[in-house]
There are 2 protein chains.
Amino acid sequence: MNAMPPALQQQAQQLSDSVTRPVPGSRKVFAEGSRPDLRVAMREIVQTRTPTLFGGEDNPPVTVYDTSGPYTDPDARIDLSTGLPALRARWIEERGDTALLAALSSGFGRAREVDAKLDAVRFPTRRLPRRARDGANVTQMHYARRGIVTPEMEYVAIRENQRLELLEAGPDGRHPLLSQHPGQSFGASIPARITPEFVRDEIARGRAILPCNINHPESEPMIIGRNFLTKINANIGNSAVSSGIAEEVEKLVWAIRWGADNVMDLSTGRHIHETREWIIRNSPVPIGTVPIYQALEKVDGRAEELTWEIFRDTLIEQAEQGVDYFTIHAGVLLRYVPLTARRVTGIVSRGGSIMAKWCLAHHRESFLYEHFEEICDIMKAYDVAFSLGDGLRPGCIADANDAAQFGELETLGELTKIAWKHDVQTMIEGPGHVPMQLIRENMDKQLAECGEAPFYTLGPLTTDIAPGYDHITSAIGAAMIGWYGTAMLCYVTPKEHLGLPNRQDVRDGIMAYRIAAHAADLAKGHPGAQVRDNALSKARFEFRWEDQFHLGLDPEKAKEFHDETMPKDAHKLAHFCSMCGPHFCSMKITQDVREFAAGRAGAAGPDADAGDVAAAGMAAKAAEFRAAGAELYRPG
Amino acid sequence: MNAMPPALQQQAQQLSDSVTRPVPGSRKVFAEGSRPDLRVAMREIVQTRTPTLFGGEDNPPVTVYDTSGPYTDPDARIDLSTGLPALRARWIEERGDTALLAALSSGFGRAREVDAKLDAVRFPTRRLPRRARDGANVTQMHYARRGIVTPEMEYVAIRENQRLELLEAGPDGRHPLLSQHPGQSFGASIPARITPEFVRDEIARGRAILPCNINHPESEPMIIGRNFLTKINANIGNSAVSSGIAEEVEKLVWAIRWGADNVMDLSTGRHIHETREWIIRNSPVPIGTVPIYQALEKVDGRAEELTWEIFRDTLIEQAEQGVDYFTIHAGVLLRYVPLTARRVTGIVSRGGSIMAKWCLAHHRESFLYEHFEEICDIMKAYDVAFSLGDGLRPGCIADANDAAQFGELETLGELTKIAWKHDVQTMIEGPGHVPMQLIRENMDKQLAECGEAPFYTLGPLTTDIAPGYDHITSAIGAAMIGWYGTAMLCYVTPKEHLGLPNRQDVRDGIMAYRIAAHAADLAKGHPGAQVRDNALSKARFEFRWEDQFHLGLDPEKAKEFHDETMPKDAHKLAHFCSMCGPHFCSMKITQDVREFAAGRAGAAGPDADAGDVAAAGMAAKAAEFRAAGAELYRPG
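Residues numbered from 1 in each chain as written. Chains lettered and ligands numbered in written order. Predicted model: local features only at pLDDT ≥ 70, side-chain atom pairs only at ≥ 80, totals over all residues. Heavy atoms only, no water.

1. What about the overall build of chain A?
Link 1 in the chain: If you tally the helices and strands in chain A, you get 25 helices and 15 strands.
Link 2 in the chain: Expressed as a percentage of the 636 residues in chain A, the buried residues total 68%.
Link 3 in the chain: In the form shown here, chain A has an accessible surface area of approximately 20,400 Å², with 53% of it arising from carbon and sulfur atoms. (Helix = DSSP H or I, 4+ residues; strand = E, 2+ residues; numbered from the N terminus. Buried < 20%, exposed > 50% of the residue type's maximum accessible area, 1.4 Å probe, protein only. Areas by Shrake-Rupley, 256 points an atom, 1.4 Å probe, with all protein chains shown as cover.)

2. A word on the sheet that holds strand E10 (residues 287–289) of chain A
Residues and elements named next belong to chain A.
Link 1 in the chain: Within the closed barrel, the eight strands sit side by side as E8-E9-E10-E11-E12-E13-E14-E15. Their pairing is parallel. With direction set aside, neighbouring strand axes in the sheet form an average angle of 25 degrees.
Link 2 in the chain: With three bridges connecting them, strand E13 (residues 426–430) and strand E14 (residues 455–458) associate as parallel partners. Each residue of the ladder has a partner; that of Glu429, found in E14, is Tyr456.
Link 3 in the chain: Helix H9 (residues 245–258) contacts strand E8 (231–236), strand E9 (262–265) and E10 of the sheet and is inclined by roughly 160 degrees relative to E8. (Pairing = 2+ DSSP bridges. Axes fitted to C-alpha atoms, helices over the stretch in contact; angles between N-to-C directions. Contact = heavy atoms within 4.5 Å.)

3. Quick word on the interface of chain B and chain A
Link 1 in the chain: Between chain B and chain A, the contact holds 123 residues from the first and 123 residues from the second.
Link 2 in the chain: Between chain B and chain A, roughly 10,500 Å² of surface is buried when both sides are summed, and carbon and sulfur atoms account for 69% of that area.
Link 3 in the chain: Among the salt bridges present, the one from Glu564 of chain B reaches Lys495 of chain A, with a minimum N-O distance of 2.6 Å.
Link 4 in the chain: One can count 20 residue pairs in polar contact (both at pLDDT 80 or more) joining chain B with chain A.
Link 5 in the chain: The element that contributes the greatest number of residues to the side of chain B that touches chain A is helix H19 (residues 503–524) of chain B, accounting for 12 residues.
Link 6 in the chain: By residue class, the composition of the side of chain B that touches chain A is 69 nonpolar, 32 polar and 22 charged. (Buried area = accessible area lost by both parts, 1.4 Å probe. Salt bridge = Lys/Arg side-chain N within 4 Å of Asp/Glu carboxyl O. Polar contact = N/O pair within 3.5 Å; in protein donor to acceptor, adjacent residues only side chain to side chain. Nonpolar A, V, L, I, M, F, W, Y, C, P; charged D, E, K, R; others polar.)

4. A short note on the UniProt feature "binding site: Zn(2+)" (unreviewed entry) in chain A
Link 1 in the chain: Summarizing the sequence annotation, UniProt attributes the feature "binding site: Zn(2+)" (unreviewed entry) to His433 and His497 of chain A in the numbering used throughout. The greatest C-alpha distance among the annotated residues, which extend across 65 residues, is 12.3 Å, indicating that they converge on a single site.
Link 2 in the chain: For His433 of chain A, the position within the fold is in the loop between E13 and helix H17 (439–449).
Link 3 in the chain: His433 of chain A has contacts with Pro394, Gly395, Cys396, Ile397, Ala400, Pro460, Leu461, Asp464 and His497 of chain A together with Arg540 of chain B, leaving out every residue within four places of it along the chain. (UniProt positions renumbered as here; feature names shortened; annotations may be inferred.)

5. Focus: the relation of the copies chain B and chain A
Link 1 in the chain: Between the two copies, chain B and chain A, the superposition gives an RMSD of 0.0 Å; the rotation angle is 180 degrees and the shift along the axis is 0.0 Å. The operation mapping one copy onto its partner corresponds to a two-fold rotation axis. Residue Ile476 of chain B, judged by its C-alpha, is the member of chain B lying nearest the rotation axis, at 2.3 Å. (Least-squares fit on C-alpha atoms with pLDDT ≥ 70 in both.)

6. Examining helix H19 (residues 503–524) of chain A
Residue and element names in this part refer to chain A.
Link 1 in the chain: Helix length check: H19, at 22 residues, gives a terminal C-alpha distance of 31 Å against a target of 32 Å (1.5 Å per residue), a fit within 8%.
Link 2 in the chain: Along H19, 20 of the 22 residues are buried, which leaves the element largely enclosed by surrounding structure.
Link 3 in the chain: For H19, the N-terminal cap is Asn502; the gap from its side-chain oxygen to the backbone nitrogen of Gln504 is 3.0 Å.
Link 4 in the chain: One or two steps after H19, the chain reaches Gly525, where phi turns positive at roughly 85 degrees. (Expected span 1.5 Å × (residues − 1).)

7. Digging into the side chain of His216 of chain B
Residues and elements named next belong to chain B.
Link 1 in the chain: Tracing the sequence through the fold places His216 in the loop between strand E6 (208–209) and strand E7 (224–225).
Link 2 in the chain: At 3.3 Å, the side chain of His216 forms a polar contact with the backbone oxygen of Ile280.
Link 3 in the chain: Apart from residues lying up to four places away in sequence, His216 is in contact with Arg88, Ile280, Arg281, Ser283, Val285, Pro286, Ile287, Gly322 and Asp324.

8. Things to note about the pattern of salt bridges
Residues and elements named next belong to chain A.
Link 1 in the chain: One pass over the structure, following the stated rule, counts 106 salt bridges over all chains.
Link 2 in the chain: A salt bridge links Arg281 to Glu218; the nearest nitrogen and oxygen atoms lie 2.7 Å apart. Highlighted residues: Arg281 in helix H10 (residues 272–281) and Glu218 in the loop between strand E6 (208–209) and strand E7 (224–225), separated in sequence by 63 residues. Assigned by exposure class, Arg281 and Glu218 land together as buried.
Link 3 in the chain: Here Glu304 makes a salt bridge to Lys357, at a shortest N to O gap of 3.8 Å. On the criterion of sequence distance, the pair formed by Glu304 in the loop between helix H11 (291–298) and helix H12 (308–321) and Lys357 in helix H13 (residues 350–362) is long-range, its members being 53 residues apart.
Link 4 in the chain: Residue class for Lys357 comes out buried when judged on its relative accessible area of 3%.
Link 5 in the chain: Through salt bridges with shared partners, a single ionic network connects Glu57, Lys538, Glu542, Arg544 and Asp547.

9. Observations concerning the packing of aromatic side chains
Each aromatic ring pair is characterised by the separation of its centres together with the angle its planes make.
Residues and elements named next belong to chain A.
Link 1 in the chain: A full pass over the atoms with the stated rule returns 24 aromatic pairs over all chains.
Link 2 in the chain: An angle of 80 degrees between the planes, with centres 5.5 Å apart, marks the rings of Trp254 and Trp258 as edge-to-face. Of the two residues, Trp254 and Trp258 are both situated in helix H9; the distance of four residues between them amounts to about one turn of the helix. The same class applies to Trp254 and to Trp258, which are both buried.
Link 3 in the chain: Between the aromatic rings of Trp545 and Phe549, the centroid separation amounts to 6.2 Å while the plane-to-plane angle is 40 degrees, which identifies the pairing as tilted. In this pair, Trp545 and Phe549 both sit in helix H21 (residues 545–551), four residues apart, roughly one turn of the helix.
Link 4 in the chain: Note on Trp545: relative accessible area 2%, which makes it buried.
Link 5 in the chain: With relative accessibility at 1%, the residue Phe549 sits in the buried group. (Phe/Tyr/Trp six-rings, centres within 6.5 Å; stacked < 30°, edge-to-face > 60°.)

10. Quick look at the sheet that holds strand E11 (residues 325–328) of chain B
Residue and element names in this part refer to chain B.
Link 1 in the chain: Around the barrel, which closes on itself, the eight strands sit in the order E8-E9-E10-E11-E12-E13-E14-E15 with parallel pairing between neighbours. The average undirected angle you get between the axes of adjacent strands in this sheet is 25 degrees.
Link 2 in the chain: Direction of pairing for strand E10 (residues 287–289) relative to E11: parallel, over a ladder of two bridges. Across the sheet, the residue bridging to Gly288 is Tyr325, located in E11.
Link 3 in the chain: Against the sheet, helix H12 (residues 308–321) touches E10 and E11, its axis set at about 155 degrees to E11.

11. Looking at helix H13 (residues 350–362) of chain B
All names here are of chain B.
Link 1 in the chain: The end-to-end C-alpha distance of H13, which contains 13 residues, comes to 18 Å, matching closely the 18 Å that a straight helix rising 1.5 Å per residue would cover.
Link 2 in the chain: For H13, the tally of buried residues reaches 13 of 13 residues, placing the bulk of the element in the interior.
Link 3 in the chain: The residue sitting at the N-terminus of H13 and contributing the capping side-chain oxygen is Ser349; that oxygen lies 3.4 Å from the backbone nitrogen of Gly351.
Link 4 in the chain: Residue His363 follows H13 closely and has a positive phi angle near 40 degrees.

12. Description of the pairing of E14 of chain A
Residues and elements named next belong to chain A.
Link 1 in the chain: Burial of the side chains of E14 extends over both faces: Phe455 and Thr457 are buried on one face and Tyr456 and Leu458 on the other.
Link 2 in the chain: With respect to chirality, the unit in which E13 leads through H17 into the neighbouring parallel E14 is right-handed.
Link 3 in the chain: Bridge count between E14 and strand E15 (residues 488–490): three bridges; the pairing is parallel. Pairing of Leu458 across the sheet is with Cys490, part of E15.
Link 4 in the chain: Each parallel crossover has a hand, and the one from E14 via helix H18 (residues 470–484) to E15 is right-handed. (Right-handed = clockwise from strand over helix to strand, strands pointing away.)

13. Some remarks on the environment of Glu542 of chain A
Residue and element names in this part refer to chain A.
Link 1 in the chain: Inspection of the secondary structure assignment puts Glu542 in the loop between helix H20 (531–541) and H21.
Link 2 in the chain: Distance from Glu542 to Thr50, taken between C-alpha atoms, is 6.8 Å for residues 492 residues apart in sequence.
Link 3 in the chain: What Glu542 contacts, discounting residues up to four positions off in sequence, is Thr50, Pro51, Phe54, Glu57 and Asn59.
Link 4 in the chain: Separated by 2.7 Å, the side chains of Glu542 and Thr50 make a polar contact.

14. Notes on unusual backbone geometry
Negative phi values dominate among residues other than glycine, just as trans dominates among peptide bonds.
Link 1 in the chain: The linkage connecting Pro431 of chain A with the following residue, Gly432 of chain A, adopts the cis geometry, with an omega of 0 degrees.
Link 2 in the chain: If you trace the backbone, Gly432 of chain A turns up in the loop between E13 and H17.
Link 3 in the chain: In the segment running from Gly459 of chain B into Pro460 of chain B, the intervening peptide bond is cis, with an omega of 10 degrees.
Link 4 in the chain: Tracing the chain through its elements places Pro460 of chain B in the loop between strand E14 (455–458) and helix H18 (470–484).
Link 5 in the chain: In the Ramachandran plot, Phe543 of chain A falls in the positive-phi region, its phi being about 55 degrees despite a non-glycine side chain.
Link 6 in the chain: Here Phe543 of chain A shows up in the loop between H20 and H21.

Have a look at this one:
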């Protein structure tokens, strides 16, 4: 172990309360699997009873997907300098197909390790990497294709179900909160219950990936595929004027608190290697990177000087740190580059433009394309998943769905098949900027070209005219493409195109994307997707303000907004809403309607025709209603 | 004229600079019509030249739709206590079918007029109302059906075209900024150019409305219909603890500054009548109201005591003030009310719940339904348009598209036909809360039941689980339903369900809805819809930062965000973007690709096959590229 630098040590113990405090109204729960070390973390939102006025019944707790890891667990002790517990370590060891290495395999990694100047920023615990034994393939896809259900697969099956079984088999049978509209899924195959075997099968056929590098045993398994809940990715990373290491880790914790399922570390600064180590050791979610960024730094920013050897060493360096997926822009072929020349905004992907420049400088196909099978060999030795980059994605509405973009997508389809030949897990990145009427074509083409490999899109932004609000322009497109079948949505923050997101921007971006992902799940008809909507709406109707806040995606913001208008605690129990005031509230009136109709329905039977019901006994009931005072406001 | 109360006088002259200052980078322009008093206000965004590095050409100004009225015109003198100029007064007089009344027709209006206690809040200029001469029908629909093209119709034709002709017939022919993707319009009939005759025809067949009460001559004509640009509505209005009158007017000016095409005044406070007068006299956009709110106040909030006489007097009171459209919940029939009883959130529309309560209390159909033809008689005497309210709209995802909602929609279809028999302009209000997969059914059913009368929807919100972010949950649904054919989108602010929107919430809500409306216009393929996207993206590519800000929906926010990362003025001219820093910028690399390809295209011809092009001369070009330094950063 290195000497822990005091300044960093202090920072590491000072993760701010704002990122670690428990989520209001929730508690951490664990659903156990088939073995004692398989405990799936979830968040349970506790509800209060319905007020007597509205029926007085109990409301069940609502379990929701929890990406926040141990940071929101009051029982967990957080110390960034030791990292999170290695949840998966035993599972990986048990498989017996990997070995601990005696030293890092990458030259760059070894050089960093002995550079004393880096002691001040280095993660204090030296960790030896693990790699597949000679000839072994350690990907989840490989296991899946051999019929093996790994603990990781069981974990995600339990996780995806969100304990719906508690509502399905309650004391009174199936709970009303489970009722939902039929979905429209555009050919998805979403089962009523996610089983470990279903997870295995989806991974085996390439329709889902479970990103889990053997060197990132701290991660809580999660799955990305069109037949699972729609996921979101948040980007973090320092740049130009570098943010500190502790600050980057805090960004990670902040992002997963709000619901990022994956985080990509896009750092380009001086301590990119060391920052990454801190991030991975402390991350309960898969971490993705774009290795070409770091490779470019190794050649001082001169793209044409990039070589396969440098890139290969970078892949190994990062794979041994535990990066779970690599964005690799191997589809930028020489012949596509001129197709971008007459675009309005050319090539906007950083990785794409680096590769385009390299191709032009060398007048040949890129080393990513030419060495693609060797890359597969590295990926399968650590179980790093491909995120095949869309280096030619459109950067504006005008450039959407053009020949360059779709040409690259076809190549990504070919590369997917090569990756699958090696049992390497693969997802495909997608655009970008696309007007609504052209979004569906992107999804359909991706499904066709890439054999249903998971699609992972950035937005898309549905218009270019709102800089400062691109979390919204893109949430529209993200919700739609999620509905059509995209498996993971890469968030966009309000600062897109303008600057680096601060903490508030990250929160706003994640919220917009949690909304898009959930709207997509509802529309696809995922089992139980409507439970939280139903519970929140019922709470809203019954003026259970605190429950409404707690069931929302951002309880703190909801409460804060409510308090601006009605700051007193007593109002949290008020049987009226702030918009209408105490004497004029449609919800109160509805309650009268309900009581009125309930009386009548009792007489006519629950399935009586509405017209008959209306005709029957209306006059008598009206008299009764008026006699009772016809008054709506009742002190709560 | 009343004595102007000094406090109010002071407020009226103190509209804050933030709501009246010119929009950065823009100037007010006027497009003239067939007569000298027909001058259509627009906003012209001025662009700078493309930097020499990128070609050095001129960039044309971009004309955009301007809802802000005289408030952003530096030549206009604003004094709220005198109101805006009566732009349409002569047009109305010329038609010779109206008469100035000697006194207000409504008993309530007359009583307010002589109540000395109201002097302190009364609009200082007494205005006599105008009404159709006996037997006359003064609606734009009536004129349209008789083949008359009014100045109002010509105004909106010019306004909708946004001076596209300047780009269509430039010195070099059709400007490249006009290029756009084919739209998908779901059966809309959008012409290449909006002519006054087209406007007349659309109004005549009921497919569009031009809300313009003869007592609101200050309004700038605008049109709502599926074959025109998608419009948005913002709600203002005091409540419970009342905001001041000057504050309400300032809210109006703030809302139209950001792009509200219509404003609904939903005030329920003590000075509702007087506040409305101030708002209308100072509003260049149509003002809508929900008259039942005020009628309810007249019976101290006891819905069951509402009568046709009270309601009728309220309609006349408001029509003589100049309200341009009334939300009237005449479709809440007795037989639909029990259908809401088993809903999760019952009846959430205030108007709907008032009428439901009335129906239950009286066990009969509402006076709105029973007196509908008499209401039509009032509407056509002032040209007030119907906004047929969806009193039974769903208040949560669970209640979407249910029998109550669709039953009411069918009745609204019947009422539309009655209104059209009277040549009364009519639009139809729609939901609400609807998951994505059920949105299209709403639009299709509305088109079918209501004969393509304009649809005017609130969102819809696509999930219930994000209180605090419902401008986003609903912008997703709004963009989609706008694409499908909704003519006007009623905004939702982040405070929806939680409290009263403040100024920032109004801005955020309007921005989300301007995005949704524009995304819909792009997707439908409105001619010229992509011009602003194209111009902004070109500016972005060429690092014309100021142009990018100015072309955006919110130039101030964009600049502020950019300045957070790169505050120096010099950076506004920097040829790199803040995300990547000066040494690593994909846009710069693209520029190299473009120059490279341009050289080759010159040799191979612009239509040469990409493969051929790539094969030809690649080696030579690569050498040349490297010889030139292969360096990307050039001092700007």
